[in-house]
Amino acid sequence: MPVNEENMAQAIPEAVVILPPSRLAKAFAVGFAICNIVLSIAYRDLYPFTIAPMFCDNPRLYCDYQVLDPQGGQLPLGDFQLQRNYDGNPLGLGAGVRPPPSLDMFGTVPDEAALIAHVAHALATRFPEHRYVDVVQTVIGPVNENRVGVIKELRVRVNADGT
Amino acid sequence: MGPEFRDEIHSNIKPYVGQFVLWALLLHEMVLLRWDLPQTEGLRSNPATVLSFLPVEVLTSPLLFQIFRWILVVTGILWSLQLLVPFSSWVCVFSYTATVAMIFENSYQISHTKNLANIVLFVHAMWYHFHASDIRRALASNTFWVSRIYPGWTYCLSLFCIAIYHSNAALAKILESGFHWPNGISLQLWIHLMGRENSLANTLLLSDRSTATMIQWAVLCVEASAIMAVFLPRFRVAIGVALLVLYIGIADSFGFSFLLNAFLVAAFYFPWTRIMERACEIAERHVKFNLIVARSSRLALLLGFVLPRFDVLRVTKLSIEEDR
């Protein structure tokens, strides 16, 4: 049979016209929009609703740490609870597991006494084989009107007895 | 609510934007196939997701995670092919939410790269739910791509959710840090800590605080203005461009990829429907493929299924020849 206009499957059918949204559809759409606003502001982060809090903080300085054993080798910061948990988002927000404890809080600088007490405790409980460790705390903040950089470096030797 | 926005809600359009976005998101969901459930130990922090009310045993079950992941793939394929809708749409959205939520429930660090996609998928499941019979009718009569079958409310609700997400980011900054947020120091510290080393922009921002401050003000203004684009369509393209520049800047400075979010901004802030309508007019005039197949052949069956769904430009003419 030859091809002709009648047997063409695509022979310009009528476009489908859809009805205006039903009351249920309207209620559903409005309800979802309200949920989106209310839940994101009330909980700040309740997946999938979020206030998108990345970089909402306002840090003026932060710390870098190094822990060195008596031979000068670097020890894992996590073992001394000095690791950085911060990734730009408020700590733990929107995550089901709390971050591991750490003295490092982005935007704050613990004083020397707090740092020594914290490291001494970790040293005594986790590294009894080391008599001491050297801790280097580097503080980064504004160095002048234009730049940020190292504004302070503290190097302390911490003995297991906390001295 | 402006009159232009009210008109948009009530005027239905051809389904180019909706269906392309849907395909792109469903294709992207396959990325989740590569993910594993994190095995993070630590105290629980509640609530983190809409599934946080479930028992911990459920939220941490690797078996359930695998099940949701595979349901997501199967229903994603079904929905892409517009089969078993709206059942496949809802199961797909639910399994997407469950898969990502389980990852978040078992992590202590998260990124906001899937939230918008999840919300937009939900809105499109609503479209397939409330217009399932219209969509089936349009596919059966091969008029899906010429029918004004994409409701204005679906477009506007998706746009609203995308806009709220970005304006919320500005709100979060004001609520947390006040109007002192754009001070240049914080941006310089973030770049110092996690910025890309080979970025020219970073070199400039680290050397001049005034520029850093200016960029932070610009970020705040662009994010805050995202919601304006919903109610003032004439500014939509400009705000969309500004948001895309913001995403490019984030990728250049930090290497963070918010590809899905940027894609959704591009899809809903730019007038793709008009562009596609024009492309279809041109294609219809200049390109035509005439396929002649026998009525009882498998190819006829296959093309009868494929063309109504994927011949977006409607350039293929299928002619059925009676069997000899």
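Cut-off values and rules
Residues numbered from 1 in each chain as written. Chains lettered and ligands numbered in written order. Predicted model: local features only at pLDDT ≥ 70, side-chain atom pairs only at ≥ 80, totals over all residues. Helix = DSSP H or I, 4+ residues; strand = E, 2+ residues; numbered from the N terminus. Buried ≥ 20, exposed ≤ 12 C-beta atoms within 10 Å, placed from the backbone. Contact = placed C-beta atoms within 7 Å. Rg over C-alpha atoms; globule rule 2.2 N^0.38 Å. Pairing = 2+ DSSP bridges. Axes fitted to C-alpha atoms, helices over the stretch in contact; angles between N-to-C directions. Domains from an automatic or database assignment. Core = buried A, V, L, I, M, F, W, Y, C linked by C-beta atoms within 7 Å.

A.B. asks: Whenever I open this one, the overall build of chain B confuses me. Can you help?
C.D. replies: The helix and strand inventory of chain B stands at 16 helices and two strands. Along the first, second and third principal axes, the C-alpha set of chain B runs to 80 × 50 × 40 Å. Per-residue burial for chain B yields a buried fraction of 40% across its 324 residues. Summarising the internal contacts of chain B: among those between residues at least 6 apart in sequence, 77% fall at separations of at least 24.

A.B. asks: Would you mind going over the overall build of chain A with me for this structure?
C.D. replies: Counting its secondary structure elements, chain A contains two helices and five strands. Ordered by position from N to C terminus, the α and β elements of chain A give α-β-β-β-α-β-β. In terms of C-alpha radius of gyration, chain A reaches 30 Å, well past the compact-globule figure of 15 Å for 163 residues. Considered along the principal axes of its C-alpha atoms, chain A spans approximately 95 × 45 × 40 Å. Expressed as a percentage of the 163 residues in chain A, the buried residues total 27%. The contacts in chain A between residues at least 6 apart in sequence include a share of 50% that link residues at least 24 apart.

A.B. asks: How do you make sense of the sheet that holds strand β3 (residues 62–68) of chain A when you look at a structure like this?
C.D. replies: Within a beta sheet, neighbouring strands are joined by backbone hydrogen bonds and run either parallel or antiparallel to one another. All names here are of chain A. Ordered in space as β3-β4-β5, the three strands form an open sheet in which the pairing is antiparallel. Each edge of the open sheet is held by one strand with a lone partner, namely β3 and β5 (148–159). Going across the sheet, the axis of each strand differs from the next one's by a mean of 20°, ignoring polarity. Of the strand pairs in this sheet, strand β4 (residues 132–142) and β5 are connected by eleven bridges, and their pairing is antiparallel.

A.B. asks: Even after reading the chapter, I still don't get the domain arrangement of chain B, so can you show me in this structure?
C.D. replies: As a measure of interface size, the accessible area lost when the parts come together is often cited. Residues and elements named next belong to chain B. The domain architecture assigned to chain B consists of domain 1 (1–150), domain 2 (167–267) and domain 3 (287–321). Computed from C-alpha coordinates alone, the two centres of domain 1 and domain 2 are separated by 27 Å. With 13 residues of domain 1 at the interface, the matching set in domain 2 holds ten residues. Put simply, the parts of the chain that give the side of domain 1 that touches domain 2 at least two residues each are α1 (3–10), α2 (16–29) and α6 (115–130).

A.B. asks: Whenever I open this one, the interface of chain A and chain B confuses me. Can you help?
C.D. replies: Taken together, the contacts link 55 residues of chain A with 73 residues of chain B. Mapped by element, the contributors of at least two residues to the side of chain A that touches chain B are α1 (23–43) and β4 of chain A. Here the side of chain A that touches chain B gets nine residues from one element, more than from any other, and that element is α1 of chain A.

A.B. asks: Teacher, can you tell me more about the nonpolar core here?
C.D. replies: Soluble globular proteins tend to bury their nonpolar side chains together. V120, C161, I162 and A163 of chain B are the most contacted members of the largest nonpolar core, which totals 101 residues. Ranked by residue count, the leading element in this core is helix α8 (residues 152–177) of chain B, at 15 residues. For C161 of chain B, the contacting residues outside a window of four places in its chain are N36 of chain A together with I119, V120 and V123 of chain B. Ranked by size, the runner-up nonpolar core spans eleven residues in total, among them L75, L115, V119 and V135 of chain A.

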